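Listed below, chain by chain, are the residues.
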Amino acid sequence: MSIPVNTAPVVKVRFAPSPTGYLHIGGARTALFNWMYARAQGGKFVLRIEDTDQERSRPEYEKEILDSMEWLGLIWDEFYKQSERFDLYREYAEKLVAEGKALRDGNAVLMSVAKGRDIKFDDQIRGLIVFNTDDIKDQVLMKSDGSPAYSFSCVVDDALMNITHVIRGEDHISNTPKQILMYEALGFKVPKFAHLPLIMGTDGARLSKRFGAVAVTDYRGEGFLAEGLVNYLMLLGWAPSGDQEIISLKNAVAKFSIKKINKTAAQFNMEKLKWVNAQYLKQTSTVNLVELLVPILKQEGLLTEGVDRIWLGKAVDLFKTRLNTLRDFIDRAGFLFDEQFRLADDVRVEHLKKNMFSEFELLASRLNSLDMFDIASTEKVFRDVVAELGVQSAELVHPIRVALTNSSVGPGLFETMVMLGKDKTVARLRSAFLTPA
Ligand code: GLU
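These numbers were taken from a predicted model, which means no experiment stands behind them. (Residues numbered from 1 in each chain as written. Predicted model: local features only at pLDDT ≥ 70, side-chain atom pairs only at ≥ 80, totals over all residues. Heavy atoms only, no water.)

Asker: Which parts of the structure should I look at to understand the sheet that holds strand β2 (residues 44-49)?
Answerer: Either a parallel or an antiparallel arrangement is found when strands of a sheet pair, and the pairing is made through backbone hydrogen bonds. Here we have 3 strands laid out as an open sheet, ordered β1-β2-β3, and parallel in their pairing. Only two strands of the sheet have a single partner each, and these edge strands are β1 (12-15) and β3 (78-81). Going from strand to strand, the sheet's axes swing by 25 degrees on average, the running direction of each strand aside. Where β2 and β3 come together, 4 bridges link them in parallel fashion. Following the sheet pairing, I49 is matched in β3 by K81. (Pairing = 2+ DSSP bridges. Helix = DSSP H or I, 4+ residues; strand = E, 2+ residues; numbered from the N terminus. Axes fitted to C-alpha atoms, helices over the stretch in contact; angles between N-to-C directions.)

Asker: Looking at this structure, I do not really get the pattern of salt bridges. What am I missing?
Answerer: Proximity of charged atoms lets side chains of opposite charge pair with each other. Per the stated rule, a full pass over the model turns up 28 salt bridges. With its nearest N and O atoms 2.7 Å apart, the salt bridge here joins D67 to K63. Here K63 and D67 lie together in helix α2 (residues 59-72), a separation of 4 residues that amounts to about one turn. For D67, a relative accessible area of 31% gives the class partly exposed. For K63, a relative accessible area of 51% corresponds to the exposed category. When the shortest N-O distance is used, the salt bridge between R327 and E300 registers 2.9 Å. One end of the pair, R327, is in helix α12 (residues 326-333); the other, E300, is in the loop between α10 (286-299) and α11 (309-319), with 27 residues separating them in the sequence. Look at E300 and you get partly exposed, because its relative accessible area is 39%. Each of R14, R48, E50, R85, D157 and D158 takes part in one network of salt bridges that share partners. (Salt bridge = Lys/Arg side-chain N within 4 Å of Asp/Glu carboxyl O. Buried < 20%, exposed > 50% of the residue type's maximum accessible area, 1.4 Å probe, protein only.)

Asker: Got a minute to help me understand the site of the ligand in this structure?
Answerer: With respect to spatial proximity, the complete set of residues near the ligand consists of R14, A16, P17, S18, E50, Y150, C154, R168 and H172. Here an oxygen atom of the ligand sits 2.8 Å away from a polar atom, N or O, in the side chain of Y150. In this structure, H172 approaches the ligand through a side-chain N or O atom, which is 2.8 Å from an oxygen atom. Across the complex, the protein chains shield 80% of the 300 Å² of accessible surface that the ligand would expose by itself. Spatially, the ligand is embedded in the largest pocket. Grouping the amino acids of the shell around the ligand by side-chain chemistry returns 4 nonpolar, 2 polar and 3 charged. (Near = heavy atom within 4 Å. Polar contact = N/O pair within 3.5 Å; in protein donor to acceptor, adjacent residues only side chain to side chain. Areas by Shrake-Rupley, 256 points an atom, 1.4 Å probe, with all protein chains shown as cover. 1 Å grid on protein atoms, 1.4 Å probe; cavity = no way out; pocket = protein on both sides within 12 Å on 5 of 7 lines; lining within 4 Å. Sits in = over half its atoms within 2 Å of the grid points. Nonpolar A, V, L, I, M, F, W, Y, C, P; charged D, E, K, R; others polar.)

Here it is as structure tokens:
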């Protein structure tokens, strides 16, 4: 005799964004924690687009949310859109009307809330939470325009989709008792709730546009790696054991539990995010970095056709350990690509105080006559010129670096020359002291 098996997943969670804006840091963290919990428990992860507000919902936001989730690697098992389910919400609202649990007001449906009752739930993160119905107004279930109220469609869907754990931001805590009342009225099983701590800016205020609440797309555009952003996001309210900070998603999933999520607000720290990302950039192979950089360099107009990937790989190796983001590569290595290189006036004024036109010219002509333009040969030319002129090499190194790169900091001087190649090196040395037209 075979024993019947219950095939319903033990854990089913959902991320339920409203497409009224881009997926920002807070939403991405909510999605990530849901996704991690589903994977850790061998459960299912649902993506549900809550586009009931037809005025404010936009297809471009929905697309951006989906793209961002895919980029982060948070792939869903099931997908729903609430705008396709209005009949269902109406049906359940009518059922409540028929049962005398709600009443119709024109096209709207309302549920009255009896006063004087405690509504309790055991939040998986915060423990026991109690609200009194004295503080809860009568609830709109369906609006007169035919659309459902957020709380109601959310409850109907969570119940019909067999959601076992509702993991969402702390800003939804006060919606929970209202929703529990709706579960009760509908005769549905109440899921477990886990409310994630708020994310604050480093200034202690709630994360705002001004500080860190920017869209995942923006971080992507800034040149953060998906792996780096995901690793940073998971540290916002949760930590693997010990003080391990760099952890792959796979290992994090193995260690993840809701019980270990903090109750206290998490702090968004841009410097930390950059540091985490830098660790991932260092781990990424040069070949892969080249592929990630080519589109950015093209977009910036620094590369046209026929990319020399070997040369680009060498440039990447020179800067790889100094990058926080892919974009940093443009700031630091942009001088290598610049065909119309022109020393910035303020840089000239600050760093090329002493006119060294003749010294630069001597060096330029010697370099120009080299057949083999490599580190050893350029260094030898430089040492010979320094000896001939009877100057300290330090006196020349600094202005030369500035003349070649527009910056006073950078990788080794001869590596820089070799990366630039003979023609650009010579041309930049020759034009350094020419007053711009
Ligand atoms: N659509 C809601 C929001 O964007 C999500 C509500 C929930 O997770 O229950 O905030």
